[in-house]
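The lines below spell out each chain.
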Amino acid sequence: MKTHTRMIRTIAGIISSVETLEGEGMVVRRPFPKSSFSEFDPFLLLDELGPVDIEPGQAKGAPDHPHRGFETVSYILEGYIEHKDSQGHTGKFGPGDVQWMTAGAGVIHSEMPEREFARTGGRLHALQLWVNLPSRDKMMKPRYQEVPAQRIPTAQTNDAGVRVKAIAGEALGAKAVIETQTPIIYLHFTLQPGATVSQPVPKEYNAFAYVLDGEGLFGTEKERATQGQMVLFTQDGDEVAIANPLDAKSPLDVLLIAGVPLNEPVVRYGPFVMNTEAEIIQAIEDYRNGRMGSIDF
């Protein structure tokens, strides 16, 4: 019987995030898009907010703004966020919670610090990933998948050297509960010093890792990447290798994100992501004429 030998992917590059201002003046780290690296099909954007200590009454957010044509994945590590939108949907999210919002045909939404958290202040750390929708789904009805921290599937190795939270996809036997429009892997690994993990990722997937904390070794070359850096993997293998050096002084916190490329044209204008310029013009017109609704509560 012929056995399959898995191949570890090599590194295509390491990209440092840049700081930018969003919403009311929130400082975010952004590995992409930026002038040197704008496209990573099917992913459109990754923002890391914080970690930052917020003084009482000084919290900033992203008030009413539109989205059309893609999905946003909000993952809260620390702090509390409140969501409202033109569909009449509300939600409050705290540490470990995930909101997977499919904007589809369009919503106006607001992401603000939760009222009590804004009043008292505290530590805030969150991530938002934008995932492109295939053309067939771009105008689908908006939907929400909100998973509290206690429902996010988790697993660990027998020696507890590696732990994982499965937001999308599967790792170490933990299978995510979120349904995605296209195949997506979104895993949060924590590796203790000296620990290693080799995660299966199909060859046809584009894949990257983003370091939240610590310094790790990646790929066959064991390239080093540290906090705020993004590691791009080639498609020359079907596993991704991550390690925390034995002499590390702290655990390694890292996201592994992968998805099947859509290989479709992309036209972007701010918060609208469509396939043609005509569709973008229509999205802007619909927004300006109030066809995406408003937040009235």
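Fair warning: this is a prediction, and the values are worked out from it, not measured in the lab.

Q: Even after reading the chapter, I still don't get the nonpolar core, so can you show me in this structure?
A: Nonpolar side chains in soluble globular proteins generally cluster together in the buried interior. In this structure, F189, L191, F218, F233 and V254 are the most contacted members of the largest nonpolar core, which totals 29 residues. Counting only elements with at least two residues in this core, the list comes to strand 14 (162-168), strand 17 (184-191), strand 19 (206-213), strand 22 (229-233), strand 23 (239-243) and strand 24 (252-259). If you look at the next biggest cluster of nonpolar residues, it comprises 28 residues, including Y75, L212, L232 and L255.

Q: Sorry if this is basic, but what is going on with the sheet that holds strand 23 here?
A: Remark on secondary structure: sheet strands pair via backbone hydrogen bonds, oriented parallel or antiparallel. Pairing is antiparallel across the open sheet formed by four strands, whose spatial order is 18-23-20-21. Looking at the sheet topology across the chains shown, the edges are occupied by strand 18 (196-200) and strand 21 (223-226). Across the sheet, the mean angle separating the axes of adjacent strands is 30 degrees when strand polarity is ignored. For strand 18 and strand 23, the ladder comprises five bridges, and the chain directions are antiparallel.

Q: For this particular structure, what's the right way to read the environment of T234?
A: Here T234 is to be found in the loop between strand 22 and strand 23. Classification of T234 as partly exposed rests on a relative accessible area of 22%. Residues T234 and G50 lie 184 residues apart in sequence; the distance between their C-alpha atoms is 29 Å. The residues touching T234, leaving out its near neighbours within four places in the chain, are R9, T10, I11 and A12. One polar contact links T234 to D236, side chain to side chain, over a distance of 2.5 Å.

Q: What is the right way to look at the sheet that holds strand 12 (residues 143-147) in this model?
A: Across the sheet, which stays open at both edges, the seven strands sit in the order 2-3-4-11-6-9-12 with antiparallel pairing between neighbours. The open sheet has two edge strands with one neighbour each: strand 2 (18-22) and strand 12. The average angle at which neighbouring strand axes cross in this sheet is 20 degrees, direction not considered. In the sheet, strand 6 (residues 70-78) pairs with strand 11 (residues 122-132) via eight bridges, with the strands oriented antiparallel. Within the sheet, the bridge partner assigned to F70 lies in strand 11 and is N132.

Q: Is there a simple way to explain the packing of aromatic side chains in this structure?
A: The relation between two aromatic rings is expressed through the spacing of the ring centres and the mutual angle of the planes. Per the stated rule, a full pass over the model turns up 11 aromatic pairs. Judged by centre distance (5.7 Å) and plane angle (85 degrees), the rings of F32 and F208 are edge-to-face. Residue F32 is found in strand 3 (residues 26-32), and its partner F208 is found in strand 19; the two are separated by 176 residues along the sequence. Classification of F208 as buried rests on a relative accessible area of 0%. Considering the side-chain rings of Y75 and Y186, the 6.3 Å spacing of their centres and the 90 degrees angle between planes classify their relative orientation as edge-to-face.

Q: It is not clear to me how unusual backbone geometry should be interpreted in this structure. Could you clarify?
A: Leave glycine aside and you will find that most residues have negative phi; peptide bonds, for their part, are mostly trans. The amide bond that connects F32 to the next residue, P33, takes the cis arrangement and shows omega of 0 degrees. Topologically, P33 is positioned in the loop between strand 3 and strand 4 (43-54). With an omega dihedral of 5 degrees, the bond running from D41 to P42 counts as a cis peptide bond. Position of P42 relative to the elements: it lies in the loop between strand 3 and strand 4. Positive phi, close to 50 degrees, is recorded for L172, a residue that is not glycine. Looking at where L172 falls in the secondary structure, it is placed in the loop between strand 15 (170-171) and strand 16 (174-175). The exposure class of L172 is partly exposed, given its relative accessible area of 38%.

Q: I would appreciate a short explanation of the layout of surface pockets in the present structure.
A: Remark: the empty space left among the atoms is shown by a probe the size of a water molecule rolled over them. Approximately 590 Å³ is the volume attributed to the largest pocket. If you trace the largest pocket, you find 32 residues lining it, with M26, D47, A62, E111 and Q128 closest to the centre. At the level of elements, strand 3, strand 4, strand 5 (62-67), strand 6, strand 7 (81-85), strand 10 (107-113) and strand 11 are the ones that each hand at least two residues to the lining of the largest pocket. Class assignment for the residues of the lining of the largest pocket results in 16 nonpolar, nine polar and seven charged. Approximately 240 Å³ is the volume attributed to the second largest pocket. At the level of secondary structure, the elements contributing two or more residues to the lining of the second largest pocket comprise strand 3 and strand 4. Top element by residues in the lining of the second largest pocket is strand 4. It accounts for five residues. Split into classes, the residues belonging to the lining of the second largest pocket amount to eight nonpolar, three polar and four charged.

Q: Sorry, what's going on with the pattern of salt bridges here?
A: A side chain with one charge can pair with a side chain of the opposite charge if their charged atoms come near. Following the criterion strictly, the structure yields 12 salt bridges and no others. R6 serves as the salt-bridge partner of E239, at 3.4 Å between the closest nitrogen and oxygen. Taken together, the positions of E239 in strand 23 and R6 in the segment before strand 1 (11-16) put the pair 233 residues apart, joining distant regions of the chain. D286 is paired through a salt bridge with R68; the nearest N and O atoms lie 3.0 Å apart. Taken as a pair, D286 in helix 2 (residues 277-288) and R68 in the loop between strand 5 and strand 6 lie far apart in primary sequence, 218 residues in all. The same class applies to D286 and to R68, which are both buried. Within this structure, R68, E285, D286 and R291 form a network of salt bridges that share partners.

Definitions and cut-offs
- Residues numbered from 1 in each chain as written.
- Predicted model: local features only at pLDDT ≥ 70, side-chain atom pairs only at ≥ 80, totals over all residues.
- Heavy atoms only, no water.
- Core = buried A, V, L, I, M, F, W, Y, C linked by side-chain atoms within 4.5 Å.
- Buried < 20%, exposed > 50% of the residue type's maximum accessible area, 1.4 Å probe, protein only.
- Helix = DSSP H or I, 4+ residues; strand = E, 2+ residues; numbered from the N terminus.
- Pairing = 2+ DSSP bridges.
- Axes fitted to C-alpha atoms, helices over the stretch in contact; angles between N-to-C directions.
- Contact = heavy atoms within 4.5 Å.
- Polar contact = N/O pair within 3.5 Å; in protein donor to acceptor, adjacent residues only side chain to side chain.
- Phe/Tyr/Trp six-rings, centres within 6.5 Å; stacked < 30°, edge-to-face > 60°.
- 1 Å grid on protein atoms, 1.4 Å probe; cavity = no way out; pocket = protein on both sides within 12 Å on 5 of 7 lines; lining within 4 Å.
- Points joined across faces, edges and corners; volume = space filled by probe spheres on them.
- Nonpolar A, V, L, I, M, F, W, Y, C, P; charged D, E, K, R; others polar.
- Salt bridge = Lys/Arg side-chain N within 4 Å of Asp/Glu carboxyl O.

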